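# Residue-level structural notes
Here is how the chains run, residue by residue.
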Amino acid sequence: TGLAAAVRHFHDDVWLADSPYASGGHVSERAATARQRIRAEVDECFGESDSEQTLHDAIVWGYLDADAGHLVAQRRMYLSRATYFRVLRRARERLAD
């Protein structure tokens, strides 16, 4: 259960509660602690350059932001669909490393 998988399941309380990122008692508490840890690890995976922030934004807006998703992320980033998914693939590969 790596960071890339955790990002894909970021809004699934049951999955997160059973993940190694979770701690606490109740499912909702465990999921909340997992989300905090996942978000912190995502933030640490990317540097501060523009290209690094683009990778970071693709993950955050594509997966972590409950009000976004891939279409919203693509539009916010002013990228074509193909370019967005190339960026997202690179960002997911970074998380897998």
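Notes on the structure follow. Predicted model, so just to flag it, every value in this text is computed and none were measured. (Residues numbered from 1 in each chain as written. Predicted model: local features only at pLDDT ≥ 70, side-chain atom pairs only at ≥ 80, totals over all residues. Heavy atoms only, no water.)

### Here's the deal with the overall build of the protein
Note the following rule: Every helix listed is a DSSP run of H or I at least four residues long, and every strand listed is a run of E at least two residues long, numbered separately from the N terminus. Here the globule rule reads 2.2 Å times residues to the power 0.38, and the radius of gyration is calculated from C-alpha atoms. Exposure classes here rest on a 1.4 Å probe applied to the protein chains alone. A residue is buried below 20% of its type maximum, exposed above 50%, and partly exposed in between. Note on definitions: a residue-residue contact is assigned when non-hydrogen atoms from the two residues lie within 4.5 Å. Accessible surface is estimated by sampling points in the Shrake-Rupley manner with a 1.4 Å probe; for residues, cover comes only from the protein chains shown. A residue counts as positive if it is Lys or Arg and as negative if it is Asp or Glu; His and the chain ends are not included. Every charge is mapped onto a representative atom, which is NZ of Lys, CZ of Arg, CG of Asp or CD of Glu.
A count of helical and extended segments in the protein gives six helices and zero strands. Ordered by position from the N terminus, the helices and strands of the protein form the series α-α-α-α-α-α. Computed over C-alpha atoms, the radius of gyration of the protein comes to 14 Å, within 12% of the 13 Å expected from 2.2 N^0.38 for 97 residues, which places it in the range of a compact globule. Dimensions of the protein, computed from the C-alpha atoms along their principal axes, are close to 40 × 25 × 20 Å. Looking at the protein residue by residue over its 97 residues, the buried ones come to 37%. Contacts in the protein between residues at least 24 apart in sequence constitute 37% of all its contacts with a sequence separation of at least 6. With an accessible surface of roughly 5600 Å², the protein has 47% of that area assigned to carbon and sulfur atoms. Mean positive and mean negative side-chain charge positions of the protein (13 and 15 charges, respectively) differ by 7 Å.

### Side note on the packing of aromatic side chains
The condition is simple: Pairing of aromatic side chains here covers Phe, Tyr and the six-membered ring of Trp, requires ring centres within 6.5 Å, and sorts the geometry by plane angle: under 30 degrees stacked, over 60 edge-to-face, intermediate tilted. Should the NZ of a Lys or the CZ of an Arg lie within 6 Å of a ring centre and within 35 degrees of the ring normal, that charge is described as sitting over the ring.
Tallied over the entire structure, the rule returns one aromatic pair. Summarising the aromatic geometry, the rings of Tyr 84 and Phe 85 are spaced 5.0 Å apart at their centres and angled 75 degrees between planes, so their arrangement reads as edge-to-face. A relative accessible area of 0% places Tyr 84 in the buried class. Of the residues examined, Phe 85 reaches a relative accessible area of 29% and is grouped as partly exposed. Taking the ring centre of Phe 10 as reference, the NZ or CZ of Arg 35 above it sits at 5.8 Å.

### What to know about helix α6 (residues 81-96)
Convention followed: A helix's residues, less one, multiplied by 1.5 Å, set its expected span. Note: the arc covers the axis-to-C-beta directions of the helix.
Its 16 residues place the ends of α6 22 Å apart at the C-alpha level, agreeing with the 22 Å of an ideal helix rising 1.5 Å per residue. Taken as a whole, α6 has its buried residues at Tyr 84, Val 87, Leu 88, Ala 91 and Leu 95. Here the buried residues of α6 occupy an arc of 100 degrees about the axis, which is enough to place them on one side. Considering only its buried residues, α6 is in contact with α1 (3-8), α3 (27-45), α4 (50-64) and α5 (70-76).

### Side note on the side chain of Ser 19
Short version of the rule: Between N or O atoms, a polar contact is any pair within 3.5 Å; within protein, one atom must be a potential hydrogen donor and the other a potential acceptor, and residues adjacent in sequence are included only when both atoms are from side chains.
With respect to the secondary-structure elements, Ser 19 resides in the loop between α2 (13-17) and α3. Only 2.7 Å separates the side chain of Ser 19 from the backbone oxygen of Leu 16, close enough to count as a polar contact. Discounting chain neighbours no more than four positions away, the residues touching Ser 19 are Arg 30 and Ala 34.

### Focus on the packing of α3 against α4
Rules: Note on definitions: angles span 0 to 180 degrees between N-to-C directions of axes, and those axes are lines fitted to C-alpha atoms, for helices only across the stretch in contact. Any angle from 65 to 115 degrees is called roughly perpendicular, while one under 35 is roughly parallel, one over 145 is roughly antiparallel, and all others are oblique. Here the term charged refers only to Asp, Glu, Lys and Arg, the term nonpolar to Ala, Val, Leu, Ile, Met, Phe, Trp, Tyr, Cys and Pro, and the term polar to all other amino acids, Gly among them.
Orientation of α3 relative to α4, taken along the N-to-C sense of each, is 155 degrees, at an axis distance of 9 Å. Here α3 lies roughly antiparallel to α4, going by the angle between them. Contact residues: Arg 39, Val 42, Asp 43 and Cys 45 in α3; Glu 52, His 56, Ile 59, Val 60 and Leu 64 in α4. A class-by-class count of the residues in the contact of α3 with α4 yields five nonpolar, one polar and three charged.

### Things to note about the environment of Leu 71
Relative to the elements of secondary structure, Leu 71 occurs in helix α5. According to the relative accessible area criterion, Leu 71 is partly exposed, its value standing at 48%.

Geometry only, nothing functional implied.
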